[in-house]
Structures are given as structure tokens and as C-alpha cells.
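Close look at the chain arrangement
Listed below are the residues making up each chain.
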Amino acid sequence: MSEDSLSVVEVDSSDYGLVKKVVELVEKTMGMWQAHYASTCFNQKICRSLAIASEKLLGVVLFYTAQLELDRSLGVIYYVVVREEYRGRGFGKVLVSSAEYLLEDAGVDLVVATARSENTPSRNLFNSLGYSEISLHAIEEIYGELLTKLTCGYEDDLVFFKNMRASLTEVLSVLSLESNLKKIEELWYTLCYRPWREMRSSRHMQQI
Ligand SMILES: CC(C)(COP(=O)(O)OP(=O)(O)OC[C@H]1O[C@@H](n2cnc3c(N)ncnc32)[C@H](O)[C@@H]1OP(=O)(O)O)[C@@H](O)C(=O)NCCC(=O)NCCS
């Protein structure tokens, strides 16, 4: 494959053929639960996505914006995956930095992502792009599960963040406003809780 023929394309969420390929790549890399969350994020028109493609998809990033009160907004990098045989060539960095560009263009104040602390490639990816990291537990101790809910980061223990126009503390304080709690609950229910419940009940049905 010639790297000259590579392109980064924005995935049109109404292009069901392409969305299916994106979800299949998430499933191949991260498993069927994560694929169901990714698919829900597309179906609910919450996620945007960029893909690196040649004849096939080599990597994808899914991201979304949470619009908050006081004219604040948070960009979330939801999934970034690169096909195993194409890792270590800078594709992860291209995907995340391109998503950041679109998020910044959309006016977000802060970009966040979550991962497990043992996920070294992920940590190196975000650190190499200038993200700071903090334990999700440390945030939960002060702010409760607001950020966990907003990122559906239940399986993760680390948050990566990059300030665009505001600091993490500023955005977390805005998240805590009464008027944002309902928005966070709605997003969490749609993006995180309902798909989790669907997967759990379909697994349960398979067992009986
Ligand atoms: C995380 C992931 C997307 C990185 O993609 P990638 O294309 O290999 O990353 P890049 O080549 O752009 O590398 C980015 C940085 O991470 C480092 N890195 C990449 N893979 C690494 C590895 N296996 N071990 C250590 N560091 C690694 C690179 O050295 C680079 O840092 P540098 O610029 O300081 O040299 C890829 O490993 C992946 O798809 N993992 C499975 C899915 C996942 O866990 N996603 C994250 C959570 S949603």
C-alpha cells in the first residue's frame, strides 16, 4: 500500500455502508460491546467520525461535543482505533489531531478522552499530542460521576484532557451546575446506559 493514496475522510453518518465498516473495525479491535456503543452513538446522531482510508479503512476516530450552560462546551474523543497491522505509523496521531481540529473549530473549550492506565499505546498517543492525564477516580471524588457519565468512561480509570479555551476545573465546575445535570443524564442514558442494558439483556437471553 502506498501511503500517498491515504486520505482522512469525515464519515457521513447517513452513509450506512461506511458507518457499518467503522463499527466493524471497532468490533474487530475492541469487541462487540464497544461496537454496540459506537453504533448507538452514530444512530443517535451524537458522534462524528473521521477515517483513514485507502482501499479499506485503516483507522477511525469517533468524537462528539457536549454543549453546556454558560456557553461552555466539551469535546469527547470517544474511540480511536487503528487496524493492528497499521499501528505505530502515526495514524492514531493523525486521527486524534484531526478530530481536535474539528472540535476546536466547533468552539469546544476542552477536549477529553478516557482509557485504562495499562493501555500504554493509548497513553503514549494522548501524551504525545500534549494531553495531560488525571485519574478518573480523583475527579469522581470531587465531582461525582459527571465526567464518567458524559464520557461513558466506566471501564476506564484515566482521563486525558487538553485545554482549548478553558481549564479542566472550569469545565468541571460548569458541569456541576444544576442546569447541566439533566443534559448529562440524558446523554448518559442514550449513549451509555441504554446500550449497556440492551447488550446485557441480549447476553442474558442467549444464556436462557
Ligand atoms: C491506541 C492506538 C489507536 C494508537 O494508534 P497508532 O496509530 O499505533 O498510534 P501512533 O502511531 O500515532 O503513535 C502515537 C504515539 O504512541 C506511541 N505508541 C503507539 N503504539 C505504541 C505501543 N504499542 N507501545 C508504546 N507506545 C506506542 C508512539 O510511539 C507515538 O508516540 P511518539 O509520537 O512520542 O513516538 C492503537 O494502538 C489502537 O488502535 N489500540 C486499540 C484501541 C484502543 O485501545 N484505543 C484507545 C482507547 S479508545
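Coordinates for the structure precede this section.
A brief look at the structure comes next. Here the structure is a predicted model, which is why all the values come from computation and not from measurement.

This part is about the overall build of the protein. Helix and strand counts for the protein come out as eight helices and seven strands. By the compact-globule yardstick of 17 Å for 208 residues, the protein fits well, its C-alpha radius of gyration being 17 Å. Each principal axis of the C-alpha distribution contributes one length, and for the protein these read about 50 × 50 × 35 Å. Looking at the protein as a whole, 38% of its 208 residues qualify as buried. At a minimum sequence separation of 6, the contacts of the protein that also span at least 24 residues come to 67%.

Right, let's talk about the pairing of strand S7 (residues 158-163) for a bit. With five of six residues buried, S7 lies mostly within the body of the structure. Here six bridges tie strand S5 (residues 110-115) to S7, and the two strands are oriented antiparallel to one another. Of the residues in S7, the one forming a bridge with Ala115 is Leu158. Both strand S6 (residues 132-135) and S7 contribute to a ladder of four bridges, which runs antiparallel. Residue pairing across strands places Ser132 opposite Phe161, the latter belonging to S7.

What follows deals with unusual backbone geometry. It is generally the case that most residues other than glycine have a negative phi and that most peptide bonds are trans. Even without glycine at this site, Leu70 takes up a positive phi of about 55 degrees. Judged by the 14 C-beta atoms lying within 10 Å of it, Leu70 is partly exposed. Of note in the backbone geometry, Asp71 takes a positive phi value of approximately 60 degrees without being a glycine. Here Asp71 is to be found in the loop between strand S3 (57-67) and strand S4 (73-82). With 9 C-beta atoms counted inside 10 Å, the residue Asp71 sits in the exposed group.

What counts as what
Residues numbered from 1 in each chain as written. Predicted model: local features only at pLDDT ≥ 70, side-chain atom pairs only at ≥ 80, totals over all residues. Helix = DSSP H or I, 4+ residues; strand = E, 2+ residues; numbered from the N terminus. Rg over C-alpha atoms; globule rule 2.2 N^0.38 Å. Buried ≥ 20, exposed ≤ 12 C-beta atoms within 10 Å, placed from the backbone. Contact = placed C-beta atoms within 7 Å. Pairing = 2+ DSSP bridges.

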